[in-house]
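Below are the chains, spelled out letter by letter.
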Amino acid sequence: QVQLVESGGGLVQAGGSLRLSCAVSGIIFRRNNMGWYRQAPGKQRELVATITSDGNTNYADSVKGRFTISRDNAKSTVYLQMNSLKPEDTAVYYCTAPSIFSPRTYWGQGTQVTVSS
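Read on for a plain summary of the structure. (Residues numbered from 1 in each chain as written. Predicted model: local features only at pLDDT ≥ 70, side-chain atom pairs only at ≥ 80, totals over all residues. Heavy atoms only, no water.)

### Focus on the pairing of strand E11 (residues 111-116)
Alternating residues of E11 divide into Thr111, Val113 and Val115, all buried, and Gln112, Thr114 and Ser116, none buried. Strand direction decides the pairing type here: strand E2 (residues 10-13) and E11, joined by four bridges, are parallel. What sits directly across from Gly10, in E11, is Val113. Sheet topology places strand E9 (residues 91-98) next to E11; three bridges connect them, and they run antiparallel. Paired with Val92 across the strands is Gln112, a residue of E11. (Buried < 20%, exposed > 50% of the residue type's maximum accessible area, 1.4 Å probe, protein only. Helix = DSSP H or I, 4+ residues; strand = E, 2+ residues; numbered from the N terminus. Pairing = 2+ DSSP bridges.)

### Topic: the sheet that holds strand E7 (residues 67-72)
Spatially, the four strands line up as an open sheet ordered E1-E3-E8-E7, and their pairing is antiparallel. With one partner strand each, in any of the chains shown, strand E1 (3-7) and E7 form the two edges of the open sheet. Averaged over all adjacent pairs, the angle separating strand axes in this sheet is 15 degrees, with direction ignored. Sheet topology note: the E1/strand E3 (residues 18-25) ladder contains five bridges and is antiparallel. For Gln3, the partnering residue across the bridge sits in E3 and is Ser25. (Axes fitted to C-alpha atoms, helices over the stretch in contact; angles between N-to-C directions.)

### A word on the side chain of Asn32
Locating Asn32 in the fold gives a position in the loop between E3 and strand E4 (34-39). Overall, Asn32 belongs to the buried group, its relative accessible area being 2%. At 2.5 Å, the side chain of Asn32 and the backbone oxygen of Pro98 are in polar contact. Not counting residues up to four positions away in its chain, the partners in contact with Asn32 are Ile27, Thr52, Ser53, Arg71, Ala97, Pro98 and Ile100. (Polar contact = N/O pair within 3.5 Å; in protein donor to acceptor, adjacent residues only side chain to side chain. Contact = heavy atoms within 4.5 Å.)

### Notes on the packing of aromatic side chains
For the structure shown, the criterion picks out two aromatic pairs. The structure contains a cluster of three or more aromatic residues connected by ring pairs, namely Tyr37, Tyr94 and Trp107. The lysine or arginine in question, Arg71, covers the ring of Phe29, its NZ or CZ lying 4.5 Å from the ring centre. (Phe/Tyr/Trp six-rings, centres within 6.5 Å; stacked < 30°, edge-to-face > 60°. Lys NZ or Arg CZ within 6 Å of the ring centre and 35° of its normal.)

### Remarks on the state of the cysteines
In protein chemistry, a disulfide is the covalent bond that joins the sulfur atoms of two cysteines. Under the counting rule described, the total for this entry stands at one disulfide. Here Cys22 pairs with Cys95 through a disulfide, and the sulfurs are 2.2 Å apart. Residues Cys22 and Cys95 share a disulfide whose torsion about the S-S bond is about -85 degrees; that sign makes it left-handed. With Cys22 in strand E3 and Cys95 in strand E9, this pair connects stretches of sequence that are 73 residues apart. In this structure, Cys22 and Cys95 share a single accessibility class: buried. (Disulfide = S-S within 2.5 Å.)

Geometry only, nothing functional implied.
Here's what the structure looks like:
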């Protein structure tokens with residue numbers, strides 16, 4: 001079965017950094033695009049960053065210049081390096097993988113990121 005397992009979330013002060021990891025199994029990882037979403041209480045889900053199988057990246061304007069998405073195909077893992085964190089970055093962060101073979105998208109369970117002021 002497909003599994004996406006996020007880790008690395010936690011509590012950090014404003015201005016600090018965290019690195020999220022997403023370990024993936026059950027898909028052809030090297031051929032899959034990957035993404036990170038986040039959802040804060042009372043707010044709509046936001047696409048934070050994407051990375052294609054070729055390594056091309058895109059970012060939401062709210063995180064551009066502060067966050068970096070990357071992947072390690074040998075480890076079947078995608079990362080989100082978050083620097084200069086702000087309280088408004090507080091959210092549950094989800095790793096996602098659109099299926100190559102169906103219209104569905106796979107989601108991880110999420111990891112909580114809390115940024116204190």
